[in-house]
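# Chains, contacts and geometry: an overview
As a plain string of letters, each chain reads:
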Number of protein chains: 2
Amino acid sequence: MTTLVFERIAVVGIGLIGSSIVRGARAKGLAGTIAVADHAGPHLARARELGLGDDWHADAGDAAAGADLVMVAVPVGACEAVAKAIAPRLKPGAIVTDVGSVKASVVRQMKPHLPAGVHLIPGHPVAGTEFSGPDAGFAELFENRWSILTPPDDVDPAALARLVAFWRGLGANVETMTAEHHDIVLAITSHLPHLIAYNIVGTAADVEQVTQSEVMKFSAGGFRDFTRIAASDPTMWRDVFLHNREAVLEVLGRFTEDLFALQRQIRWGEGDKLFDLFTRTRAIRRGIIGLGQETPAPDFGRRKG
Amino acid sequence: MTTLVFERIAVVGIGLIGSSIVRGARAKGLAGTIAVADHAGPHLARARELGLGDDWHADAGDAAAGADLVMVAVPVGACEAVAKAIAPRLKPGAIVTDVGSVKASVVRQMKPHLPAGVHLIPGHPVAGTEFSGPDAGFAELFENRWSILTPPDDVDPAALARLVAFWRGLGANVETMTAEHHDIVLAITSHLPHLIAYNIVGTAADVEQVTQSEVMKFSAGGFRDFTRIAASDPTMWRDVFLHNREAVLEVLGRFTEDLFALQRQIRWGEGDKLFDLFTRTRAIRRGIIGLGQETPAPDFGRRKG
Ligand SMILES: NC(=O)c1ccc[n+]([C@@H]2O[C@H](COP(=O)([O-])OP(=O)(O)OC[C@H]3O[C@@H](n4cnc5c(N)ncnc54)[C@H](OP(=O)(O)O)[C@@H]3O)[C@@H](O)[C@H]2O)c1
Ligand SMILES: NC(=O)c1ccc[n+]([C@@H]2O[C@H](COP(=O)([O-])OP(=O)(O)OC[C@H]3O[C@@H](n4cnc5c(N)ncnc54)[C@H](OP(=O)(O)O)[C@@H]3O)[C@@H](O)[C@H]2O)c1
């Protein structure tokens, strides 16, 4: 039984996400031929060295030529440049999709450049690690994770079905929603957590009474959890905040409001209110574990000692 | 070669930390006899069932009688009650210590009740998980973690040395500092991270545009990391915030100030400043990994899929 979904695919950007897609597609036989594009540079050379894909291109247009599916896996801020590069080379009926962490901006950047007859169906796999580049990817990254697609209202159902089949082939669950709804959902489940993590790590570096060495030595009390996502790729995350500004500012406003309430409870010694919040928050983790999106192992199953 | 450090120890509170100490002390032969105390209730019954210790007491005073070391491992807010219970039963020259996450308050709560001739040397092992109770503990919890002691200026050097030997026997590194310095260091490396985590999980539960189910499904984008520490014991954490109020409010003020600066950078599209912060924060994680306080495995080495 063959699982081939697309005869030829092109992956533009061979970093963590792009290389995970190439590895997964190869492992599951989802694509006949895989063309890979990136900047002329170390990532492209490394992809060739690792045998990620079948042909390698420093020009995204060359990779996109003849492809049934073009998967754009570059930082969100680079999507317009990629759209311009691939547009003249796309074959009629091709599907163009992406994996960017923000969706409305990607549509704004790409749609105006794409020719009629090409299907733009933006996407975002909610899966990743704090590492980047072609060596960081692995075929199982999307297994039992959610991949969100934000098809336009007038999407071609057959094109959508093929893209859904591709993601399911990679092991993902698929959900569709509007780009705008995606952006507010991810603002709370991903962008705000990253912002807060970056911020607390920055604050800890600057508090004069406590040395850097103390912050690092005594980080097992909780701080170290935040440093993982605060070690994520700076380019990717700068682009996320610049391109999802409104939604991020909205949820940040809510976060700050709640934090001031908590601050007041601490100042006035309102132990019961603190206890109530701290009890309520446990249920959410149980729910996430129940949905298979988190490990129940203590301490994330971190290596002991 | 015997590693016996104390003839008889008493552990008051047989939860995550208390039971880890009992398990470690037994495994390493650090104590001749181990008396365990807790409320009359399921934890005490479970400790007996698991064979944690040699004798079990619903009265902390009964456990403390004759002990060379009394290790208090209860929520910070319960320390005064324990001091009152053990004080009349302590043998001259006994060492009284604790594991509470706050130190100046513990001294204020316990010292006035303890008789002269008893050595109060507060402590705090910077190690833990999000679980609690006697089943959650394990002997290796303190291995290669830091245990902080906050001895008074006039501490008896021999008593301090024995307590240090006990923690080293459990596998910990030991550092001493003042109670006040401890409280500001831990405010930034542990208490603020917990507060922020509880807060963001609370905010996520309340944003109307996003359903609970969406928050849980799409949590792998970063949010789920925060739910681990927001699942920690509510009683313990209520007590931490009530008893380390000043230091927590101080570092929280710094955090909020920095967050407003970040918010402004997002609003005004200052990508370079965002990029600089996001680059700076990576170094701190590398430092923590270098010190052996964190795993370098992607995603904390979480189970894949
Ligand atoms: N990391 C995650 O956890 C995660 C999860 C879900 C979605 N995403 C999204 O996935 C996308 C890629 O992220 P990633 O983590 O895979 O990043 P990554 O590992 O840094 O890979 C991105 C790759 O794209 C290349 N690139 C940048 N601009 C390009 C252009 N104009 N043309 C061709 N190649 C270009 C980069 O090369 P250079 O490094 O040489 O510039 C790099 O090789 C981003 O939009 C991100 O928002 C990330
Ligand atoms: N968890 C961590 O990660 C961590 C790390 C370092 C330090 N600490 C500190 O360690 C201490 C204990 O924390 P833990 O995580 O071990 O909590 P835990 O698992 O909840 O254990 C605390 C135990 O103390 C008992 N207890 C409460 N009041 C008592 C009293 N007056 N007399 C006798 N027993 C009493 C509790 O019984 P009931 O549940 O029946 O009340 C429970 O069995 C806290 O001060 C905490 O700040 C915790």
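Given the structure is predicted, the values throughout are model-derived calculations rather than measurements.

Each value, and the rule that gives it
Residues numbered from 1 in each chain as written. Chains lettered and ligands numbered in written order. Predicted model: local features only at pLDDT ≥ 70, side-chain atom pairs only at ≥ 80, totals over all residues. Heavy atoms only, no water. Least-squares fit on C-alpha atoms with pLDDT ≥ 70 in both. Pairing = 2+ DSSP bridges. Helix = DSSP H or I, 4+ residues; strand = E, 2+ residues; numbered from the N terminus. Contact = heavy atoms within 4.5 Å. Axes fitted to C-alpha atoms, helices over the stretch in contact; angles between N-to-C directions. Buried < 20%, exposed > 50% of the residue type's maximum accessible area, 1.4 Å probe, protein only. Right-handed = clockwise from strand over helix to strand, strands pointing away. Polar contact = N/O pair within 3.5 Å; in protein donor to acceptor, adjacent residues only side chain to side chain. UniProt positions renumbered as here; feature names shortened; annotations may be inferred. Near = heavy atom within 4 Å. Areas by Shrake-Rupley, 256 points an atom, 1.4 Å probe, with all protein chains shown as cover. Nonpolar A, V, L, I, M, F, W, Y, C, P; charged D, E, K, R; others polar. Parallel < 35°, antiparallel > 145°, perpendicular 65-115°, else oblique. Left-handed = near helix turned anticlockwise from the far one by under 90°. Phe/Tyr/Trp six-rings, centres within 6.5 Å; stacked < 30°, edge-to-face > 60°. Lys NZ or Arg CZ within 6 Å of the ring centre and 35° of its normal. Salt bridge = Lys/Arg side-chain N within 4 Å of Asp/Glu carboxyl O. Domains from an automatic or database assignment. Buried area = accessible area lost by both parts, 1.4 Å probe.

Mapping chain A onto chain B calls for a rotation angle of 180 degrees and an axial translation of 0.0 Å; the resulting RMSD is 0.0 Å. Taken together, the rotation and translation relating the two chain copies correspond to the operation of a two-fold axis.

What follows is about the sheet that holds strand E1 (residues 6-12) of chain A. Residue and element names in this part refer to chain A. Read from one edge of the open sheet, six strands run E3-E2-E1-E4-E5-E6, paired in parallel fashion. In this open sheet, the two strands that pair with only one neighbour each are strand E3 (55-57) and strand E6 (119-120). Relative to strand E2 (residues 31-37), E1 is paired through six bridges, and the arrangement is parallel. Bridge pairing links Phe 6 to Ala 31 in E2. Running at roughly 175 degrees to E3, helix H2 (residues 42-49) makes contact with E2 and E3 of the sheet.

Two faces make up the sheet, and in a regular strand the side chains alternate between them. Residues and elements named next belong to chain B. With burial as the criterion, each face of strand E7 (residues 123-126) is covered, one bearing Gly 123 and Pro 125 and the other bearing His 124 and Val 126. Two strands pair when backbone bridges link them, and E7 and strand E8 (residues 146-149) are joined in this way by four bridges, in the antiparallel orientation. Its bridge partner being in E8, Gly 123 is matched across the sheet by Leu 149.

With that settled, consider the sheet that holds strand E1 (residues 6-12) of chain B. Residues and elements named next belong to chain B. Ordered in space as E3-E2-E1-E4-E5-E6, the six strands form an open sheet in which the pairing is parallel. Because the sheet does not close on itself, it has two edges, and the strands there are strand E3 (55-57) and strand E6 (119-120). As paired strands, E1 and strand E4 (residues 69-72) are joined by four bridges and run parallel to one another. In the sheet register, Val 11 faces E4, and the bridge partner there is Met 71. Relative to the sheet, helix H2 (residues 42-49) contacts strand E2 (31-37) and E3, its axis offset from that of E3 by approximately 175 degrees.

In terms of residue burial, E1 of chain A counts as a mostly covered element, since six of its seven residues are buried. Remark: the E1 of chain A/helix H1 (residues 16-28) of chain A/E2 of chain A crossover connection has right-handed handedness.

By secondary structure assignment, the location of Arg 302 of chain B is in the segment after helix H12 (271-290). Of note is the side chain of Arg 302 of chain B, whose polar atom sits 2.7 Å from the side chain of Glu 294 of chain A. Leaving out residues up to four positions away in the same chain, Arg 302 of chain B has contacts with Arg 228, Glu 294, Thr 295 and Phe 300 of chain A together with Arg 224 and Asp 225 of chain B.

This part takes up the UniProt feature "domain: Prephenate/arogenate dehydrogenase" (unreviewed entry) in chain A. In this numbering, the UniProt entry assigns the feature "domain: Prephenate/arogenate dehydrogenase" (unreviewed entry) to residues 7-296 of chain A. Between the C-alpha atoms that bound residues 7-296 of chain A the distance is 40 Å, and the span itself is 51% helix and 13% strand.

Time to look at the site of ligand 2. Residue and element names in this part refer to chain B. Around ligand 2 lies a shell of 24 residues, among which Asp 38, His 43, Val 74, Ser 101 and Gly 133 are the nearest. Asp 38 is positioned with one of its side-chain polar atoms (N or O) 2.6 Å from an oxygen atom of ligand 2. Between ligand 2 and Val 74, the relevant distance is 2.6 Å, taken from an oxygen atom to a main-chain nitrogen or oxygen of the residue. For ligand 2, the protein covers 83% of the area, taking 890 Å² as the surface of the free molecule. Taken together, the elements giving at least two residues each to the shell around ligand 2 come down to helix H1 (16-28) and E7. Grouping the constituent residues of the shell around ligand 2 by class yields twelve nonpolar, eleven polar and one charged.

It is at 9 Å that the axes of helix H12 (residues 271-290) of chain A and helix H7 (residues 179-206) of chain B come closest, and there the two elements cross at 70 degrees. It follows that H12 of chain A is roughly perpendicular to H7 of chain B by the angle criterion. Crossing of H12 of chain A over H7 of chain B shows left-handed handedness. Between H12 of chain A, through Leu 277, Phe 278, Arg 280, Thr 281 and Ile 284 of chain A, and H7 of chain B, the contact on the second element is made entirely by Tyr 198, Val 201, Gly 202, Ala 205 and Asp 206 of chain B.

Right, let's get into the packing of aromatic side chains. In the structure shown here, the tally under the stated rule is 17 aromatic pairs over all chains. Judged by centre distance (4.3 Å) and plane angle (0 degrees), the rings of Phe 300 of chain A and Phe 300 of chain B are stacked. On the criterion of chain membership, the pair formed by Phe 300 of chain A in the segment after H12 and Phe 300 of chain B in the segment after H12 is interchain, its members lying in two chains. With respect to class, Phe 300 of chain A is no different from Phe 300 of chain B; both count as buried. Pairwise contacts between aromatic rings join Phe 6, Phe 142, Phe 166 and Trp 167 of chain A into one cluster. The ring of Trp 146 of chain B is capped by Lys 217 of chain A, whose NZ or CZ atom sits 4.3 Å from the centre of that ring.

Attention now goes to the pattern of salt bridges. Under the defined criterion, the tally for this structure stands at 44 salt bridges over all chains. The shortest N-O distance in the salt bridge between Glu 294 of chain A and Arg 285 of chain A comes to 3.2 Å. The pair Glu 294 of chain A / Arg 285 of chain A is uniform in exposure class, with both members buried. When salt bridges with common partners are traced through the structure, they connect Glu 130, Arg 228, Arg 285 and Glu 294 of chain A together with Arg 224, Asp 225, Asp 299 and Arg 302 of chain B into a single cluster.

Turning our eyes to something else, we now look at the side chain of Asn 244 of chain A. Residues and elements named next belong to chain A. Here Asn 244 lies in the loop between helix H10 (234-243) and helix H11 (245-267). Since its relative accessible area comes to 5%, Asn 244 is described here as buried. Dropping the residues within four chain positions of it, Asn 244 is found in contact with Val 102, Asp 183, Ala 187 and His 191.

Further remarks concern the domain arrangement of chain A. All names here are of chain A. With domains assigned, chain A is organised as domain 1 (6-177) and domain 2 (181-294). The partner domain 2 presents 17 residues to the 22 residues of domain 1 that form the contact. Between domain 1 and domain 2 the total buried area reaches about 1,500 Å² when both faces are included, carbon and sulfur atoms providing 58% of it. When the buried area of domain 1 at its contact with domain 2 is split by residue, Ser 101, Val 102 and Glu 130 rank highest and sum to 34% of it. At the boundary of domain 1 and domain 2, one finds one salt bridge. Elements with a contribution of two residues or more to the side of domain 1 that touches domain 2: helix H5 (104-110), strand E7 (123-126) and strand E8 (146-149).

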